[in-house]
Amino acid sequence: MFLGTYEPKLDDKGRLILPSKFRDQLASGLVLTRGQDRCLYAFPALEFEKMYEELRRAPLASKDARDYIRIMLSGASDQIPDRQGRLSIPPQLRQYAGLERDLAVIGAGARIEIWQAQAWQDYVETQEDIFSSTAQEVVPGLF
């Protein structure tokens with residue numbers, strides 16, 4: 001499980017040094033792809049395979065399903081981090097997420113998310129008030 005928030009830098013070659021707490025879980029391979037909210041998702045390879053099996057169950061007759069699958073898979077890049085725990089982020093994914101030098105890498109359970117640092121700060125500021133005032137049950141059985 002991926003937890004926490006880290007603030008690494010993107011190097012001049014478009015590489016990210018993964019937080020040390022995440023490296024073991026991603027050492028055997030990962031899939032990097034477009035995420036929602038203009039961030040990137042990085043899934044351990046096995047987790048991405050599970051998700052892909054679920055995507056395959058979506059009906060081809062559904063335009064929403066086709067659109068989602070196209071966006072998710074067309075931006076995907078499978079990788080193995082190097083010995084220093086570096087991950088190369090392809091230019092089209094850096095552009096999609098607006099990634100520059102300062103990043104926020106967050107643990108989101110079964111995946112990590114990679115954000116442009118200011119976009120993450122803005123997101124958290126907006127969502128903290130919503131999170132604090134949520135009066136209904138968002139996750140069934142949690143509260």
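Coordinates for the structure precede this section.
Presented here is an overview of the structure given in this document. (Residues numbered from 1 in each chain as written. Predicted model: local features only at pLDDT ≥ 70, side-chain atom pairs only at ≥ 80, totals over all residues. Heavy atoms only, no water.)

### Details of the overall build of the protein chain
Then, in step 1: Helix and strand counts for the protein chain come out as 5 helices and 8 strands.
Then, in step 2: When the elements of the protein chain are put in sequence order from the N terminus, they spell out β-β-α-β-β-α-α-β-β-α-β-β-α.
Then, in step 3: What you see for the protein chain is a C-alpha radius of gyration of 16 Å, in line with the 15 Å of a compact globule of 143 residues.
Then, in step 4: If you line up the protein chain on its principal axes, its C-alpha atoms span 45 × 40 × 25 Å.
Then, in step 5: Element-wise, carbon and sulfur atoms account for 51% of the exposed surface of the protein chain, whose accessible area totals about 9,300 Å².
Then, in step 6: The distance from the centre of the 18 positive side-chain charges to the centre of the 21 negative ones in the protein chain is 8 Å. (Helix = DSSP H or I, 4+ residues; strand = E, 2+ residues; numbered from the N terminus. Rg over C-alpha atoms; globule rule 2.2 N^0.38 Å. Areas by Shrake-Rupley, 256 points an atom, 1.4 Å probe, with all protein chains shown as cover. Lys, Arg positive; Asp, Glu negative; His and termini not counted. Charge placed at Lys NZ, Arg CZ, Asp CG, Glu CD.)

### Examining the pattern of salt bridges
Then, in step 1: Enumeration according to the criterion identifies 9 salt bridges in this entry.
Then, in step 2: Linking Glu 54 and Arg 57 is a salt bridge whose minimum nitrogen-to-oxygen distance equals 3.2 Å. You'll find Glu 54 and Arg 57 in the same group, each marked exposed.
Then, in step 3: Among the ionic pairs, Arg 70 bridges to Asp 67, the shortest N-O distance being 3.6 Å. On the criterion of helical spacing, the pair formed by Arg 70 and Asp 67 is a turn pair, its members being 3 residues apart in helix α3 (residues 63-74).
Then, in step 4: A residue is classified by how much of its surface remains accessible, and Asp 67, at 27% relative accessible area, is partly exposed.
Then, in step 5: Because the salt bridges share partners, they merge into one network encompassing Lys 63, Asp 67 and Arg 70. (Salt bridge = Lys/Arg side-chain N within 4 Å of Asp/Glu carboxyl O. Buried < 20%, exposed > 50% of the residue type's maximum accessible area, 1.4 Å probe, protein only.)

### Brief notes about the pairing of strand β7 (residues 103-107)
Then, in step 1: In terms of residue burial, β7 counts as a mostly covered element, since 4 of its 5 residues are buried.
Then, in step 2: Note: strand β1 (residues 5-6) against β7, 2 bridges, orientation antiparallel. Across the sheet, Tyr 6 pairs through a bridge with Val 105, a residue of β7.
Then, in step 3: Bridge count between β7 and strand β8 (residues 112-116): 5 bridges; the pairing is antiparallel. Among the inter-strand pairings, Val 105 is bridged to a residue of β8, identified as Ile 114.
Then, in step 4: The loop that links β7 with its antiparallel partner β8 comprises 4 residues; one of these, Gly 109, has a positive phi angle of about 80 degrees. (Pairing = 2+ DSSP bridges.)

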